[in-house]
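# Structural characterization, general
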Amino acid sequence: MKTRITKLFNIEHPIIQGGMHYVGYAELAAAVSNAGGLGIITGLTQGTPEKLANEIARCKEMTDKPFGVNLTFLPILNKPDYAGMVRVIIESGVKVVETAGNNPVEYLPALKDAGVKVIHKCTAVRHALKAQAIGCDAASIDGFECGDHPGEDDIPNMILLPRAADELEIPFVASGGMADSRSLVASLAMGAEGINMGTRFLATKEAPVHENVKQAILQATELDTRLVMRPLRNTQRVLANTAVERLLQTERELGGNIKFEDIASEVAGVYPRVMQEGAVDAGAWSCGMVAGLINDIPSCMELIDRIMHDADRLILHRLLDITCE
Ligand SMILES: Cc1cc2nc3c(=O)[nH]c(=O)nc-3n(C[C@H](O)[C@H](O)[C@H](O)COP(=O)(O)O)c2cc1C
């Protein structure tokens, strides 16, 4: 399958693994890239340019295929050294950056001069148009279903993707709720050039996280995610657990007076405890509604091969059969 996205990123299959905090290490990125997709290292988990350089070097030892780095721009005062991370990305020869969280315009000239392709993750068509206007090469359109930050518009992908197709000239991938060949074929039908997956890649053999996390996703249904931090306009879709229910209770009690400090104990410093120690009830951690479609823990190669194989069957049999009858 050749699409504008496979050509842009020089990959075999139109499947991207989105950046994931404390999940997107070299092991996962390399496994996805070795399977013909685009694996992505999460820059912020490394935290400093030096550690990121080290992680990129580790990934290069595990794959000779293209992989990318995610840069998530956070709305915080003590900003990480983004410029240093951009420098390291360029110096190490990484050819793709996934940006998210805020407008990447400050870093685009350096990345573009070095020939790095930038795919910006957006939850609204107007943000994708802005990304296009400032020179991003592609967009990742993250619907309301998605794990992590769905934005504040609450538009699911059945609407968001065709809206993006109507407006955008740059290629885009569908993100949020993607799990299998049905997701891929439906996304292509709605104008996307591929898919981006987070939660589905979290439940793979190579995801370097505690087994409890994978089992929690297997056990979850599509009813088991919650939206937290909505009153702070920093909405995050997370897996329901006791800490999340406490957090939501605090949000209900404090209403519009809530401040980040009021819920910090349920959200700050949670990721290492969940992903590394397996304390899945320690606080709020991102998970998409797509958990309801995840019933196994395949290798990345098995997952991607299955999606591509079943997509062929879907297109050549189901779609052709019903249109030719
Ligand atoms: C555990 C987890 C952590 C995530 N961390 C980040 C992150 O640090 N930066 C980012 O841009 N997206 C992050 N995401 C979002 C994913 O890259 C992707 O856009 C999203 O998961 C797509 O929705 P899905 O989970 O339905 O596939 C995270 C998602 C999950 C599940």
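Below is a short write-up of the structure. What you see is a predicted model; the values in this text were computed from it and never measured. (Residues numbered from 1 in each chain as written. Predicted model: local features only at pLDDT ≥ 70, side-chain atom pairs only at ≥ 80, totals over all residues. Heavy atoms only, no water.)

Attention now moves to the nonpolar core. Counting 56 residues, the largest nonpolar core has Ile141, Phe201, Leu202, Ile217, Met275 and Trp285 as its most contacted members. The element best represented in this core is helix H15 (residues 300–324), accounting for 7 residues. Once residues lying within four places of it in the same chain are set aside, the contact partners of phenylalanine 201 are Ile15, Ile16, Gln17, Met20, Leu28, Val32, Ala207, Cys300, Leu303 and Ile304. Of all hydrophobic cores here, the second largest spans 26 residues; its members include Ala26, Leu52, Tyr82 and Tyr107. (Core = buried A, V, L, I, M, F, W, Y, C linked by side-chain atoms within 4.5 Å. Buried < 20%, exposed > 50% of the residue type's maximum accessible area, 1.4 Å probe, protein only. Helix = DSSP H or I, 4+ residues; strand = E, 2+ residues; numbered from the N terminus. Contact = heavy atoms within 4.5 Å.)

Among the structural elements, leucine 248 can be located in helix H12 (residues 242–254). Here leucine 248 falls in the buried class, since its relative accessible area comes to 12%. Separated by 211 residues in sequence, leucine 248 and glycine 37 have C-alpha atoms that sit 37 Å apart. Not counting the four nearest positions on each side in its chain, leucine 248 is found in contact with Arg226, Leu227 and Val228.

This brings us to the state of the cysteines. The full count for this structure, using the stated rule, is 0 disulfides. As a non-bridged cysteine, cysteine 300 has cysteine 59 as the owner of its nearest cysteine sulfur, 12 Å distant. (Disulfide = S-S within 2.5 Å.)

Let's shift gears to the site of the ligand. Lining the immediate surroundings of the ligand are 25 residues, of which Gly19, Thr72, Lys121, Gly177 and Thr199 lie closest. Here a nitrogen atom of the ligand sits 2.8 Å away from a polar atom, N or O, in the side chain of threonine 72. With the chains in place, 97% of the 610 Å² that the ligand exposes on its own is no longer accessible. Secondary structure elements with two or more residues in the shell around the ligand: strand E3 (67–72), strand E8 (195–197), helix H10 (199–202) and helix H14 (270–276). Here the shell around the ligand is built from residues that sort into 8 nonpolar, 14 polar and 3 charged. (Near = heavy atom within 4 Å. Polar contact = N/O pair within 3.5 Å; in protein donor to acceptor, adjacent residues only side chain to side chain. Areas by Shrake-Rupley, 256 points an atom, 1.4 Å probe, with all protein chains shown as cover. Nonpolar A, V, L, I, M, F, W, Y, C, P; charged D, E, K, R; others polar.)

This brings us to the packing of helix H2 (residues 26–34) against helix H4 (residues 49–62). Where H2 meets H4, the axes come as close as 9 Å, and the angle between the chain directions of the two elements is 35 degrees. In the packing of H2 onto H4, the handedness of the crossing is right-handed. Across from Ala26, Glu27, Ala29, Ala30 and Asn34 in H2, the residues of H4 making contact are Glu55, Arg58, Cys59 and Met62. A class-by-class count of the residues in the contact of H2 with H4 yields 5 nonpolar, 1 polar and 3 charged. (Axes fitted to C-alpha atoms, helices over the stretch in contact; angles between N-to-C directions. Left-handed = near helix turned anticlockwise from the far one by under 90°.)

Burial along strand E10 (residues 236–239) is two-sided: the residues Gln236 and Val238 and Arg237 and Leu239 are all buried. Pairing of strand E9 (residues 225–228) with E10 involves 4 bridges; the strand directions are antiparallel. Its bridge partner being in E10, leucine 227 is matched across the sheet by arginine 237. (Pairing = 2+ DSSP bridges.)

Let's shift gears to the side chain of threonine 225. Tracing the backbone shows threonine 225 in strand E9. Look at threonine 225 and you get buried, because its relative accessible area is 9%. Side-chain polar atoms of threonine 225 contact the side chain of arginine 237, separated by 3.0 Å. Apart from residues lying up to four places away in sequence, threonine 225 is in contact with Arg237, Val238, Leu239, Ala240, Cys287, Gly288 and Met289.

Per the counting criterion, the structure on display carries 1 cavity of 30 Å³ or more. If you add up the space inside the largest cavity, you get close to 40 Å³. Surrounding the largest cavity, Thr123, Asp142, Gly143, Phe144, Pro150, Gly151, Glu152, Asp153, Asp154, Ile155 and Leu160 form its lining. Residue classes in the lining of the largest cavity are distributed as 4 nonpolar, 3 polar and 4 charged. (1 Å grid on protein atoms, 1.4 Å probe; cavity = no way out; pocket = protein on both sides within 12 Å on 5 of 7 lines; lining within 4 Å. Points joined across faces, edges and corners; volume = space filled by probe spheres on them.)

Applying the stated criterion across every chain, the model contains 3 aromatic pairs. Geometrically, the ring pair formed by tyrosine 82 and tyrosine 107 is tilted, given 6.2 Å between the ring centres and 55 degrees between the ring planes. Here the residue tyrosine 82 occupies a position in helix H5 (residues 82–91), and tyrosine 107 occupies one in the loop between strand E4 (96–100) and helix H6 (108–113), the gap between them amounting to 25 residues. Judged by its relative accessible area of 2%, tyrosine 82 is buried. Here the aromatic residues Phe73, Tyr82 and Tyr107 are joined through ring pairs into a cluster of three or more. In this structure, arginine 237 is placed above the aromatic ring of phenylalanine 144, and the distance from its NZ or CZ to the ring centre is 4.8 Å. (Phe/Tyr/Trp six-rings, centres within 6.5 Å; stacked < 30°, edge-to-face > 60°. Lys NZ or Arg CZ within 6 Å of the ring centre and 35° of its normal.)

Don't take any of this as a statement about function, it's just geometry.
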